[in-house]
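Architecture and fold: a report
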Amino acid sequence: MVRNVKFDTEGFAKQLGISQTVAKLLVNREIYNIKSAKEFLTSSIRDFYSPKGMYGMDGAVQLMKNSIKNNEKILIVGDYDVDGVISTYILYTAIKRCGGDVNFHIPDRIKEGYGINESIIRKASEDKVDIIITCDNGIAAIEQVKLARELGIKVIITDHHDVPFIEEEGIRTYIVPNANYVINPKQEECKYEFDKICGAGVAYKFIECLYEEFNINKEELYDLIQYVAIATVCDVVDLVSENRIIVKEGLKRINNTSNIGLKALFKETGLEGKEVTAYSLGFVIGPSINASGRLEQAEWALKMLITQDEAEAKELAQKLNELNKERQELTRIGLEQAIEIIENNNMAKDKVLVVYLEDVHESIAGIIAGRVREKYNLPTIILTKAHDGAKGSGRSIEEYNMFEELLKCKDLLGKFGGHPMAAGMSIPIENIDLFRERLNKETVLTDEDVIPKISIDMPLAINNINYNLIDEISLLEPYGKANPKPNFGVKGLKVLKAMILGKDKNVLKFNLTEGYLKIDGIYFGDIEKNLQLIKEKYGEVEYNKMINGENNSVSIDIIYYPDINEFRGNKTVQLVIQSIRV
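Just so you know, these numbers come straight off a predicted model, no measurement behind them. (Residues numbered from 1 in each chain as written. Predicted model: local features only at pLDDT ≥ 70, side-chain atom pairs only at ≥ 80, totals over all residues. Heavy atoms only, no water.)

1. Here's the deal with the pattern of salt bridges
Note that side chains of opposite charge can pair when their charged atoms are close. Our working definition: For this document, the term salt bridge refers to a Lys or Arg side-chain nitrogen within 4 Å of an Asp or Glu carboxyl oxygen. Exposure categories follow from relative accessible area, calculated using a 1.4 Å probe and restricted to protein chains: below 20% of the type maximum is buried, above 50% is exposed, and the middle band is partly exposed.
The final tally for this structure, using the stated rule, is 29 salt bridges. Put simply, Lys408 and Glu405 hold a salt bridge, and the shortest N to O gap is 3.1 Å. Looking at Lys408, the relative accessible area reads 33%, which means it is partly exposed. Overall, the relative accessible area of 7% leaves Glu405 in the buried class. Salt bridges sharing common partners tie together Arg3, Arg29 and Asp457.

2. Some words on the sheet that holds strand E10 (residues 390-395)
Heads up, the condition is: Should DSSP find at least two bridges between two strands, the strands are taken to pair. Secondary structure elements follow DSSP: runs of H or I no shorter than four residues count as helices, runs of E no shorter than two count as strands, and numbering proceeds from the N terminus. In this description, a line fitted to the C-alpha atoms serves as the axis of each element, helices being fitted only across the stretch in contact, and the angle between N-to-C directions of two axes falls anywhere from 0 to 180 degrees. Two residues qualify as a contact provided that any one of their heavy atoms is within 4.5 Å of a heavy atom in the partner residue.
Within the open sheet, the five strands sit side by side as E8-E9-E10-E12-E11. Their pairing is mixed. With partners counted over all chains shown, the strands left at the sheet margins are strand E8 (353-356) and strand E11 (416-419), one partner each. On average, each strand axis in the sheet is tilted by 15° relative to the strand beside it, whichever way the strands run. Two elements, E11 and strand E12 (residues 422-427), share four bridges in a ladder whose sense is antiparallel. The residue of E12 that forms the bridge with Phe416 is Met425. Its contacts with the sheet place helix H15 (residues 310-344) against E8 and strand E9 (380-385), and it is angled at close to 120° to E8.

3. As for a negative patch on the surface
Put simply, the test is: Only residues whose relative accessible area exceeds 30% and that take part in no salt bridge are eligible for patches, with like-charged residues grouped when within 9 Å of each other and nonpolar side chains (Val, Leu, Ile, Met, Phe, Trp, Tyr) grouped when within 5 Å. Accessibility throughout is a Shrake-Rupley quantity obtained with a 1.4 Å probe, and a residue counts as covered only by protein chains that appear here. Positive charges come from Lys and Arg, negative ones from Asp and Glu, while His and the chain ends are left out of the count. Each charge is placed at NZ for Lys, CZ for Arg, CG for Asp and CD for Glu.
Taken together, Asp309, Glu310, Glu312 and Glu315 make up a surface patch of like negative charges. Relative to the assigned elements, Glu310 resides in helix H15. Residue class for Glu310 comes out exposed when judged on its relative accessible area of 61%.

Structure below.
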């Protein structure tokens, strides 16, 4: 499907001094005016909004400043995912830099669950903690904050999650914990210009004001952006406005980082000496940090970032990398089990997949749900055995609001929460079959909804591709949620030759032509399936000619992204193929 926004892209391009191709890409990303376009293309740190616009900020900063000056005991309560670990690191590093007597606690995923809880608060009271500051959690901790205040502990909440509410007769009343101060851009009273920053982004804004109170150099503040960039990519928030600036500026710094722990992790994961990109953060660094919180202790990742000892950094980086490999293997096994259950029980006919995997580690249920959804293009919920009943995670498709559909089954569920594309839940094991049955009976999905669709920015013939265009397109980086990597379509390319490359035989390389120009294309998807489709369409003889680079009749349509391949000092334009149609 081609994105087709009616707009004067020619005039837009002229005013901006860019090509019509890039102007169209901006329009496809809902950027329609010159001011927004210039900000998008040239934004930097100077375009950050003032953190003082956040509701509760001034009071929270003054309270923390006084706590530091009075040498009070400060406890940071974080979370076990990447955003929680990074938020905790930022607060710990900065409060310590300001002279605070500060410690931290990250809850154990299995034993304690998400967010601040009663046992953490009572332990803090026993330890004579004077003030608790949360990060990436706390906005829903109504009773927990009440207990802390009753025990004489001051509380500052920094969070970015939606504010909880009670709904009666269609009217929502939002409820905020009775902390001393709550900093969350999603509060009704908050007039901050951008409410899509992650937990680490909120923590950074808090530190920006705190550093100003302590007259700490801005460069020290900016050094923290590299960590916020990791959390921003890994928390999959929209990569627009401030988030885009955070990742752009953060990547510059992370590629020259002095953090011993990060450098050790780069070495362990094979990134040493390579450019660290948004992809590296989302698919290498982030999962390694996440693995400690999923399978062991999130504090290992935090200690790796904090340590000044190279031997300790190396040891912790190795642990994280090994845990991530273990997580990948557990995910692979769980995915195979899920597919086997779906196929053996004829569940692929369902519109909503609900699969119970008794022995799968609950921390990877969401990852498996995402992989199953990708395979079948169906909303998927993976449930696994918990201490009391079953727990699970769901991943959805654009056409299915998972949270709204779960509301129809709330009488069958224990706790549940989420948003249109993902959800988490607990459920009595005896309710699982009925839950699956009702979700499918009451589903709003049609046969057309579940047909896989790929949106492309525009058709683009290969004779329009050159180094200048590729450089210009790169102005849109970094890519992520709400700013996807541009993709283009071209029909009827003749295949001169096809080769399978790589030590794992996971790269399919084509030599392609539209009749005059020749260009290489590489594909990393389902190689076996696509080669089989070519063989079925054109026959064994033509297929073998293609493999041997002989004159043949094979042609394909592709969706691609233009890139520059650099090999032994030589640069060539190549197409990174996203999808193939025979």
